[in-house]
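A look at the structure
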Amino acid sequence: MSAPLDKPQQPKVSEREARRVAEAAREQDWRKPSFAKELFLGRLRLDLIHPHPMPPPEDARRGEEFLATLRDFCETKIDSAQIEREAKIPDEVINGLKELGALGMKIDIEYGGLGLTQVYYNKALALIGSASPALGALLSAHQSIGVPQPLKIFGTQEQKAAFLPRLARTDISAFLLTEPDVGSDPARLATTAVPDGDAYVMDGVKLWTTNGVVADLLVVMARVPKSEGHKGGITAFVVEADAPGVTVEKRNAFMGLRGLENGVTRFHQVRVPAANRIGAEGAGLKIALTTLNTGRLSLPAMCVGAGKWCLKIAREWSSVREQWGKPVAMHEAVGSKISFIAATTFALEAVLDLSSQMADEDRNDIRIEAALAKLYGSEMAWLMADELVQIRGGRGFETAESLAARGERAVPAEQILRDLRINRIFEGSTEIMHLLIAREAVDAHLKVAGDIIDPDKPFSAKAKAGANAVGFYAKWLPKLVTGPGQLPRAYAEFHPDGHPDLSVHLRYAERTARKLARSTFYAMSRWQGRMETKQGFLGRIVDIGAELFAMSAACVRAELLRTTEDYGREAYQLADVFCRQSRIRVEELFTRLWSNTDDLDSKIVKGVLSGTYTWLEQGIVDPSGEGPWIAEAAPGPSQHENVHRPIR
């Protein structure tokens with residue numbers, strides 16, 4: 001057996017320093033209202049989302065025109081089975097999308113883009129993601145987190161003029177943050193950019209660079225050393241992918257998204273002009289997080305598309321497949337799964353469209369809403385795809401290619417399950433999203449009482465915080481006792497004649513928001529400084545908030561459709577069923593806040609890591625290959641062939 005390799009050298013960072021870096025990257029203030037923030041504080045601010053905001057007619061017209069063109073392209077030019085079989089998107093497909101202007105959907109018209117709204121950009125992603133999830137990922141990585149979005153928010157006029165026209169029509173971009181030993185803890189970032197005259201010299205290795213294999217322009221996060229005249233810190237740069245010293249060393253392969261052009265990229269003595277720095281030195285993480293505020297909406301967009309497809313296949317299959325004398329859909333065990341898929345798809349689209357329209361209007365701070373949409377969409381889409389596989393039975397486990405080979409419809413149910421799995425990890429894993437949202441949800445508490453539990457604060461600061469906390473909670477806590485949710489006629493406009501009663505669900509959401517806020521306050525009082533270690537509790541708090549947000553969005557969308565479409569009654573039915581299903585999940589989560597095995601789990605984990613239970617692993621063989629758990633990523637010249645493959 002070969003000797004294990006040493007782990008790559010990373011900056012030594014304490015837990016406290018890592019938290020400090022993450023906290024510094026947060027947007028500290030709330031300059032605009034936030035429905036989700038208010039929800040976690042026990043206030044159902046329905047006025048922030050109802051009546052449902054709508055896009056301007058001209059934006060809708062241009063968006064619908066592009067969707068029609070894109071649909072024709074998806075139906076006639078994209079062979080999803082070929083992409084899955086060859087694990088590659090054909091160049092002619094990507095070039096066709098370039099000609100359509102799909103690379104510039106979110107780029108302003110003045111720079112050669114289509115200037116679509118967030119709403120229609122997400123509808124386009126749902127459409128093309130249904131044709132090929134790998135193509136959806138390519139376009140999303142290019143525009144949602146790649147070069148266009150940070151330049152749109154933080155770029156100079158010179159940078160926009162230099163790069164955006166290229167990105168709108170010809171050039172593909174990628175976002176490079178993750179490293180072989182750095183995931184959700186960017187304080188340990190090892191890639192460096194050392195100032196040298198009017199440039200920076202970049203060295204380091206980046207992992208899982210989606211689009212990196214075919215990209216023309218890269219957003220790279222690198223650490224600038226602090227020196228005279230340089231503040232230093234994690235900084236964002238635009239880097240030409242064909243610059244000397246940039247090597248794509250490997251194209252990675254995955255469980256799903258087999259057409260994904262994802263690789264390992266090495267930088268060795270790469271000179272990056274200072275003019276290519278985005279924002280100030282040290283602003284890189286803030287730029288990344290701000291970019292993700294709306295960038296995260298691309299994942300739930302494709303989850304909505306997946307849900308719609310799962311519903312279509314479940315409906316068509318379960319109406320023709322008979323068991324015991326009737327279609328399987330008419331058996332309760334299968335029917336409940338179909339109901340779950342239909343109701344959840346309706347709710348996910350409600351969450352997505354509402355969050356997207358709020359992003360377009362820019363009247364609200366949607367950092368929590370976007371994060372909740374990503375978290376909830378990725379988790380629920382996975383469950384819907386899993387239920388579809390179960391409904392399809394053995395055919396759900398069989399590949400589309402195998403089904404076609406024996407003369408049946410080539411339904412890629414197992415593929416969508418594989419393709420969707422990464423969404424629970426992409427752009428912030430579910431576990432990280434729980435912590436990120438929880439931090440934002442308790443922000444108001446930490447602003448008034450955070451110094452009390454901060455070990456670094458002096459007694460004078462703690463005393464001042466204590467006085468502030470008394471004043472805040474004296475006003476806040478009494479408001480959590482009663483509210484509109486206890487009034488029988490509250491939200492009466494959501495109970496029109498001949499429709500299911502949605503007002504009862506909004507009253508439940510209002511009461512439950514207050515209960516959620518009380519539970520959070522009680523936990524903070526109980527655990528104080530240890531609250532941040534109670535990740536199981538915090539995750540459940542966030543999941544309850546996600547359900548309440550989804551219920552609210554579903555009700556508001558149903559009311560919108562009642563007044564604008566012919567299927568308003570049906571929309572009310574779906575919203576009603578979703579809310580009833582959601583309420584069951586919420587009650588279970590509340591039970592698990594205080595009745596759980598979290599402490600026992602921690603003891604077991606310590607035993608597992610110490611080797612106490614290694615006897616339980618006996619009786620198997622491990623088919624894993626040899627090698628280090630984390631690949632060596634020391635800076636230096638590349639020893640690999642450059643597999644960079646720009647598409648022209």
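Preceding this section is the structure that the text describes.
Residues numbered from 1 in each chain as written. Predicted model: local features only at pLDDT ≥ 70, side-chain atom pairs only at ≥ 80, totals over all residues. Heavy atoms only, no water.

1. So, the overall build of the protein chain
The following threshold applies: Numbered from the N terminus, helices here are DSSP runs of H or I no shorter than four residues, and strands are runs of E no shorter than two. As defined in this context, the radius of gyration uses C-alpha atoms, and a globule is described by 2.2 Å times the residue total to the power 0.38. Using a 1.4 Å probe on the protein chains alone, a residue whose accessible area is under 20% of its type maximum counts as buried, one over 50% counts as exposed, and one in between counts as partly exposed. Only heavy atoms matter for contacts: two residues are in contact if any of them lie within 4.5 Å across the pair. Accessibility throughout is a Shrake-Rupley quantity obtained with a 1.4 Å probe, and a residue counts as covered only by protein chains that appear here. The sign given to each residue is positive for Lys and Arg and negative for Asp and Glu; His and the chain ends receive no count. For the purpose of locating charges, the reference atoms are NZ of Lys, CZ of Arg, CG of Asp and CD of Glu.
Broken down by element type, the protein chain carries 23 helices and 10 strands. The C-alpha radius of gyration of the protein chain comes to 25 Å, within 12% of the 26 Å expected for a compact globule of 648 residues. The buried share among the 648 residues of the protein chain stands at 53%. A fraction of 77% describes how many contacts in the protein chain between residues 6 or more apart in sequence connect residues 24 or more apart. Counting every atom, the protein chain has about 29,700 Å² of accessible surface; 56% of that belongs to carbon and sulfur. Looking at the protein chain, you have 81 positive and 84 negative side-chain charges, and the mean spots of the two groups are 5 Å apart.

2. So, empty space enclosed by the protein
To keep it simple, the criterion reads: Computed over the protein atoms alone on a 1 Å grid, cavities are sets of points where a 1.4 Å probe fits but cannot get out and pockets are open sets with protein on both sides within 12 Å along at least five of seven lines; a residue lines them when it has an atom within 4 Å of a point. Grid points are joined across faces, edges and corners, and a volume is the space filled by probe spheres set on the points. By the convention adopted, Pro, Cys, Tyr, Trp, Phe, Met, Ile, Leu, Val and Ala count as nonpolar, Lys, Arg, Asp and Glu as charged, and the other residues, Gly among them, as polar.
For the structure shown, the criterion picks out one cavity of 30 Å³ or more. Residue lining of the largest cavity: S80, I83, E84, S132, P133, A134, L257, R258, G259, Q415 and D419, and that is the complete set. Contributions of two or more residues to the lining of the largest cavity are made by α4 (80–86), α7 (133–145) and α16 (413–421). Per-element tally for the lining of the largest cavity: the top contributor is α4, with three residues. Here the lining of the largest cavity is built from residues that sort into four nonpolar, four polar and three charged.

3. Quick look at the pattern of salt bridges
Inclusion rule: Note on definitions: salt bridges are taken to be side-chain nitrogens of Lys or Arg within 4 Å of carboxyl oxygens of Asp or Glu.
Applying the stated criterion to the full structure yields 45 salt bridges. Its salt-bridge partner being D171, residue R648 comes within 3.4 Å of it at the nearest N-O pair. On the criterion of sequence distance, the pair formed by R648 in the segment after α23 (598–610) and D171 in the loop between α9 (157–169) and β1 (173–176) is long-range, its members being 477 residues apart. Note on R648: relative accessible area 60%, which makes it exposed. For D171, a relative accessible area of 4% puts it in the buried group. In this structure, the salt-bridge partner of E349 is R557, at a minimum N-O distance of 3.7 Å.

4. Let's talk about the side chain of Q581
Here Q581 shows up in helix α22 (residues 568–594). On the basis of relative accessible area, Q581 is assigned to the buried category, the value being 19%. With sequence-adjacent residues up to four places away left out, Q581 is seen in contact with S339, F340, A343 and T344.

5. Here we look at the layout of surface pockets
When its volume is computed, the second largest pocket comes out at roughly 720 Å³. If you trace the second largest pocket, you find 24 residues lining it, with K32, T290, T294, A359 and D362 closest to the centre. Elements that contribute at least two residues to the lining of the second largest pocket include exactly α8 (148–154), α10 (284–295) and α12 (332–361). By residue class, the composition of the lining of the second largest pocket is five nonpolar, eight polar and 11 charged.

6. Some remarks on the packing of aromatic side chains
Here is the rule: Think of it this way: a Phe, Tyr or Trp ring, Trp meaning its six-membered ring, pairs with another when their centres are within 6.5 Å, and the plane angle makes it stacked under 30 degrees, edge-to-face over 60, tilted otherwise. Charge over a ring is defined by NZ of Lys or CZ of Arg lying within 6 Å of the ring centre and within 35 degrees of the ring normal.
The full count for this structure, using the stated rule, is 11 aromatic pairs. When the ring of F472 is compared with that of Y473, the centres are 5.0 Å apart and the planes differ by 80°; the resulting orientation is edge-to-face. Since its relative accessible area comes to 23%, F472 is described here as partly exposed. Of the aromatic side chains, those joined through ring pairs into one cluster are F472, Y473, W476 and F521. Residue placement shows R367 over the ring face of W30; its charged tip is 3.7 Å from the ring centre.

7. So, the nonpolar core
Definition in use: We call a set of buried residues a nonpolar core when its members are Ala, Val, Leu, Ile, Met, Phe, Trp, Tyr or Cys and they connect through side-chain atoms within 4.5 Å of each other.
Counting 134 residues, the largest nonpolar core has I78, M105, L139, L372, F494 and F578 as the members making the most contacts within it. With 16 residues, the single largest contributor to this core is helix α21 (residues 535–564). M105 has contacts with F66, L114, G115, L116, Y121, A124, L125, L139 and Q143, leaving out every residue within four places of it along the chain. One finds I107, Y111, L151 and L167 within the second-largest nonpolar core, a separate group that totals 26 residues.

8. Observations regarding unusual backbone geometry
For the peptide bond that leads from H50 to P51, omega is 0°, which places it in the cis range. Mapped onto the secondary structure, P51 falls in the loop between α2 (35–40) and α3 (57–77). Despite not being glycine, Q269 has its phi angle at roughly 55°, a positive value. Along the polypeptide, Q269 turns up in strand β7 (residues 262–273). What makes Q269 partly exposed here is its relative accessible area of 47%. Phi angles above zero are rare outside glycine, and E427 is one such case at about 50°. Owing to a relative accessible area of 18%, E427 belongs among the buried residues under this scheme.

9. Considering the pairing of strand β2 (residues 192–196)
Going by this rule: Between any two strands, at least two bridges found by DSSP are needed for them to pair.
Inspection of the sheet shows β2 paired to strand β3 (residues 199–210) by five bridges, in the antiparallel sense. Across the sheet, the residue bridging to P195 is Y200, located in β3. Linking two consecutive strands that pair antiparallel, namely β2 and β3, is a turn of two residues; a positive phi of about 65° is found at G197 within it.

10. So, helix α5 (residues 91–100)
Among all positions in α5, only V93, I94, N95, G96, L97 and K98 are buried. Summarising the contacts, the buried residues of α5 are in contact with α3, α6 (118–131), α7 and α9. Positive backbone phi, at 90°, marks G101, one or two positions downstream of α5.

11. Here's the deal with helix α18 (residues 443–453)
The complete set of buried residues in α18 reads D443, A444, H445, V448, A449 and G450. If you follow the buried residues of α18, they end up packed against α17 (430–441), α19 (459–476) and α20 (503–527).

12. Digging into the state of the cysteines
Going by this rule: By definition, disulfides here are pairs of cysteine sulfur atoms that lie within 2.5 Å.
Per the stated rule, a full pass over the model turns up zero disulfides. We note that C310 lacks a disulfide partner, and the nearest cysteine sulfur, in C303, lies 10 Å from it. Given a relative accessible area of 0%, C310 falls into the buried group. Between C555, a free cysteine, and C579, which holds the nearest cysteine sulfur, the sulfur-to-sulfur gap is 3.8 Å. Of the residues examined, C555 reaches a relative accessible area of 0% and is grouped as buried.

13. Re the environment of R439
Stated precisely, the cut-off is as follows: Definition of a polar contact: a pair of N or O atoms within 3.5 Å, with one able to donate and the other able to accept a hydrogen when the atoms are protein atoms, and with sequence-neighbouring residues admitted only if both atoms are side-chain atoms.
Its location among the elements puts R439 in helix α17. A polar contact of 3.1 Å, which involves the side chain of R439, links it to the side chain of D443.

14. What to know about the packing of helix α13 (residues 367–392) against α17
Our working definition: Every angle, taken between N-to-C directions, lies between 0 and 180 degrees, and every axis is a line fitted to C-alpha atoms, over only the stretch in contact when it is a helix. Roughly parallel means an angle under 35 degrees; roughly antiparallel means over 145; roughly perpendicular covers 65 to 115; every other angle is labelled oblique. Left-handed describes a crossing whose near helix is turned anticlockwise from the far helix through less than a right angle; right-handed describes the clockwise counterpart.
Here α13 crosses α17 at 150°, and the two axes come no closer than 10 Å. Put simply, α13 runs roughly antiparallel to α17. For the pair α13 and α17, the crossing hand works out as left-handed. Contact residues: R367, I368, A371, L372, K374, L375, S378 and E379 in α13; T430, M433, H434, L436, I437, E440 and A441 in α17. Considered class by class, the residues forming the contact of α13 with α17 number eight nonpolar, three polar and four charged.

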